[in-house]
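# Understanding the architecture of this molecule
Given next are the chains, with one letter for each unit.
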Amino acid sequence: MSSENLPQTPEQQGRKPRVAVVFGGRSSEHAISVVTAGAVLRSIDRSKYEVLPIGITTDGRWALTADEPERMAIADRKLPSVEELADSEDGAVVLSVDPASRQVVYTEPGAVPKALGEVDVVFPVLHGPYGEDGTLQGLLELSGIPYVGSGVLASAVGQDKDYMKRVFTSFGLSVGPYVTIRPREWETDRDAATGKILDFAAEHGWPLFIKPARAGSSIGITKVDDASGLDVAIREARRHDPKIIVEALLRGREIECGVLEFEDGPRASVPAEIPPVSSHDFYDFEAKYIDSASGIVPAPLTPEQTAEVQRLAIEAFEAASCEGLVRADFFLTEDGTFVINEINTMPGFTPISMYPLMWQKTGIEYPELVDSLIQAALRRSTGLR
């Protein structure tokens, strides 16, 4: 593209940068994405940015939504949705794939398409497949629109627990024992696939955790104490993803650490600890979001342990070629070793989410954190980098 065809900066056009907050989506984490968007919308500095909320419905339609963060919260244990927030049941938002344009267009059946102007940066607060996994990031790369968070590769690696662990292992990070059951294995020979899990249990013991390989927010996870619970657990995991991962129990403390990219490179937050939740078998979706189980920030670790988990969190960030932000989750095992469980390239930003809480305790309040991420995205170009 020649320099004369490059999009003008907002400053050159005499206006504030326009931020499109994109949320919702087709994954099972739709509602949590809506809650996250509400928190982000409440915190964006409107004197500094123009804001365009765009919701993606559960069937994949991009919809204009009202800029009403108060309607995006969990109320009386009821989860919000984009369908409830959309301005129209038929209207759709279309993003240009011409990188010289960055135009957003709104269409309705039987009406002339309406140009909504250019978008300067996208804040994609989607969780799970079809948003956090590199698919949306690929669209934004084609459109030439900068965006908050990791690129296509890192987003895909961060979503797939199987390949994530392979990447970490190749960089010398410790991961716990696991085995993966791919869709074709299950669909062609269920007995062999089940036998593979039973062999894994014979080696590593019960209980096992049966998980969708490419889901988050602890959705679809079942703790299985013996072979009798495998069928139900596998069906539940495959309801969210045809590829599943089976993990052995790691005895130890759950420790999380945030990573944020600054102009001089990534830095780690103070870590947090997720204590056992007495009313739940493990830190599942309901414990996190419905019953609002909270962590301990900062985690009660020694200075040496804190420094070590911060170092490992940045190593994980770099290993997966992440950008912008990451929440890295670890187990501190009984022998004092940190084992990485997973990373989230777009961690929850709800008012009770650990990522913003860790940075708050590190000295960065929520609005400053949101602004820092937007500014980092505006500094980055799309394309190979």
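Residues numbered from 1 in each chain as written. Predicted model: local features only at pLDDT ≥ 70, side-chain atom pairs only at ≥ 80, totals over all residues. Heavy atoms only, no water.

This next bit is on helix 7 (residues 190-204). Here helix 7 spans 21 Å end to end across 15 residues, near enough to the 21 Å set by a 1.5 Å rise per residue. Turning to helix 7, its buried residues number three or more, namely Ala-193, Thr-194, Ile-197, Phe-200 and Ala-201. Burial along helix 7 is one-sided: seen end-on, the buried residues are contained in an arc of 115°. Those residues of helix 7 that are exposed and angled more than 90 degrees off the buried face are Asp-191, Asp-199, Ala-202 and Glu-203. Of the surrounding elements, those touching the buried residues of helix 7 are strand 8 (178-181), helix 6 (183-188), strand 9 (208-212), helix 8 (230-238) and strand 11 (244-248). Positive backbone phi, approximately 85°, marks Gly-205, located one or two places after helix 7. (Helix = DSSP H or I, 4+ residues; strand = E, 2+ residues; numbered from the N terminus. Expected span 1.5 Å × (residues − 1). Buried < 20%, exposed > 50% of the residue type's maximum accessible area, 1.4 Å probe, protein only. Arc of directions from axis to C-beta. Contact = heavy atoms within 4.5 Å.)

For the rest of this paragraph, the subject is the sheet that holds strand 5 (residues 103-107). Within a sheet, adjacent strands bond to each other through the backbone by hydrogen bonds, running parallel or antiparallel. Pairing is antiparallel across the open sheet formed by three strands, whose spatial order is 4-5-6. In this open sheet, the two edge strands, each paired with only one partner strand, are strand 4 (92-95) and strand 6 (114-118). This sheet shows a mean twist of 25° between the axes of neighbouring strands, independent of strand direction. (Pairing = 2+ DSSP bridges. Axes fitted to C-alpha atoms, helices over the stretch in contact; angles between N-to-C directions.)

Further remarks concern the packing of helix 1 (residues 30-43) against helix 12 (residues 366-379). Helix 12 packs onto helix 1 with a crossing angle of 95° between their chain directions and a minimal axis gap of 9 Å. Considering their axes alone, helix 1 and helix 12 lie roughly perpendicular with respect to each other. When helix 1 is examined against helix 12, the residues Thr-36, Ala-39, Val-40 and Ser-43 are found in contact with a partner set consisting of Tyr-366, Pro-367 and Val-370. Of the residues in the contact of helix 1 with helix 12, the class split is five nonpolar, two polar and no charged. (Parallel < 35°, antiparallel > 145°, perpendicular 65-115°, else oblique. Nonpolar A, V, L, I, M, F, W, Y, C, P; charged D, E, K, R; others polar.)

Spatially, four strands are ordered 3-2-1-7 in an open sheet, and the strand pairing comes out mixed. Looking along the sheet, the strands with just one partner apiece sit at the ends: strand 3 (62-64) and strand 7 (121-124). Strand-to-strand twist in this sheet, taken as the mean axis angle between neighbours without regard to direction, amounts to 30°. Pairing geometry for strand 1 (residues 18-24) and strand 7, over four bridges, is parallel. Counterpart to Val-21 in the pairing with strand 7 is Phe-123.

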